[in-house]
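# Working through the structure, step by step
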Amino acid sequence: MQYSFLYPLNSEKDTQNLAQLLAKYIDQGVIYLIGDLGAGKTTLSRYWLQSLGHQGAVKSPTYTLVEPYQINGKAIFHFDLYRLNDPYELELMGIRDYLDTDHALFLFEWPSKGEDEIPEADVVIEIRKTDDELQREVHLSFNAESLMQALAAL
């Protein structure tokens, strides 16, 4: 990844602002969301989907492994691999069918559990807890110069 950016999240509003910016610049590709339990991966995903135009609740796919969305004609798949026992389970659930969807956005929480069954990331977003329980910092790795400029202006 060519670019790297560190961004503080001092409030949930900061998470929402980041998600809105990401939605403007990323509407397809493979996104890895990395972080401890409770770091805010699902919260960021929720705001991202809402920023893309999703109306209604955004469910965490912790038990279903994937929640598919159709938003303004765009296919989006939100995966949460936390409860995955074996990466081969993804093959059994038909992950190839999801991955064959053209121009789709794939959000993968806990991507390390998917091992070689999931494609490499276009963007890696790591959310880290800080000493302050309410604050986080986000480390983003990506290749798009336009996103780097937008993040720097945020």
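Anything mentioned here points back to the structure above.
What this report covers is the structure whose coordinates are included nearby. All residue numbers here refer to positions counted from 1 along the written sequence of the relevant chain. Since the coordinates come from a predicted model, pLDDT governs what is reported: local features require at least 70, and pairs of side-chain atoms require 80 or more to be given and counted, while whole-chain, interface and lining totals use all residues. As a rule here, side-chain values cover all heavy atoms of the structure and leave hydrogens and water aside.

### Some details on helix α1 (residues 12–25)
Basically, it comes down to this: The numbering of helices and of strands both runs from the N terminus, where a helix is a DSSP run of H or I of at least 4 residues and a strand a run of E of at least 2. For a helix, the expected span equals 1.5 Å multiplied by the residue count minus one. Relative accessibility thresholds used throughout: buried, under 20% of the residue-type maximum; exposed, over 50%; partly exposed, between the two (1.4 Å probe, protein chains only). Residue contacts follow a heavy-atom distance rule, with two residues in contact if any of their heavy atoms lie within 4.5 Å.
Taking 1.5 Å of rise per residue, the 14 residues of α1 would be expected to cover 20 Å, and the 20 Å separating its terminal C-alpha atoms lies within 8% of that figure. For α1, the set of buried residues is D14, T15, L18, A19, L21, L22 and A23. Of the surrounding elements, those touching the buried residues of α1 are β1 (3–9), α2 (41–51), β6 (123–129), β7 (136–142) and α5 (145–153).

### Some words on the packing of α1 against α5
A pair of packed helices can be characterised by two numbers: the angle between their axes and the separation between those axes. Keep this limit in mind: Between the N-to-C directions of two axes lies an angle of 0 to 180 degrees, each axis being a line fitted to C-alpha atoms and, for a helix, fitted only over the stretch in contact. Should an angle fall under 35 degrees it is called roughly parallel, over 145 degrees roughly antiparallel, and 65 to 115 degrees roughly perpendicular, with every other angle called oblique. Crossings are sorted by hand: turned counterclockwise from the far helix by less than a right angle, the near helix makes the crossing left-handed, and turned clockwise it makes it right-handed. Note that Gly is not counted as nonpolar here; it falls among the polar residues with everything else outside the nonpolar set of Ala, Val, Leu, Ile, Met, Phe, Trp, Tyr, Cys and Pro and the charged set of Asp, Glu, Lys and Arg.
Close contact between α1 and α5 brings their axes to 10 Å; oriented N to C, the two are set at 155°. As the angle between them shows, α1 and α5 are arranged roughly antiparallel. As for how α1 packs across α5, the hand of that crossing is right-handed. Contact with α1, carried on its side by L18, L21, L22 and Y25, involves S146, L147, A150 and L151 of α5 and no other residues of that element. Residues belonging to the contact of α1 with α5 are distributed by class as follows: 7 nonpolar, 1 polar and no charged.

### Some remarks on the packing of aromatic side chains
Short version of the rule: Between the rings of Phe, Tyr and Trp (Trp by its six-membered ring), a pair exists once the centres lie within 6.5 Å; its type follows the angle of the planes, with under 30 degrees stacked, over 60 edge-to-face, and the other angles tilted. Counting as a charge over the ring demands two things of the Lys NZ or Arg CZ atom: a distance within 6 Å of the ring centre and an angle within 35 degrees of the ring normal.
If you walk through the whole model with that rule in mind, you get 7 aromatic pairs. Between the aromatic rings of Y82 and W110, the centroid separation amounts to 4.9 Å while the plane-to-plane angle is 50°, which identifies the pairing as tilted. Here the residue Y82 occupies a position in the loop between β4 (74–80) and α3 (88–92), and W110 occupies one in the loop between β5 (105–109) and β6, the gap between them amounting to 28 residues. By relative accessible area, which is 28% here, Y82 ends up partly exposed. Taken together, the ring pairs connect Y32, F77, F79, Y98, F106 and F108 into an aromatic cluster. Over the ring of Y82 we find K113; its NZ or CZ atom is 5.6 Å from the centre of that ring.

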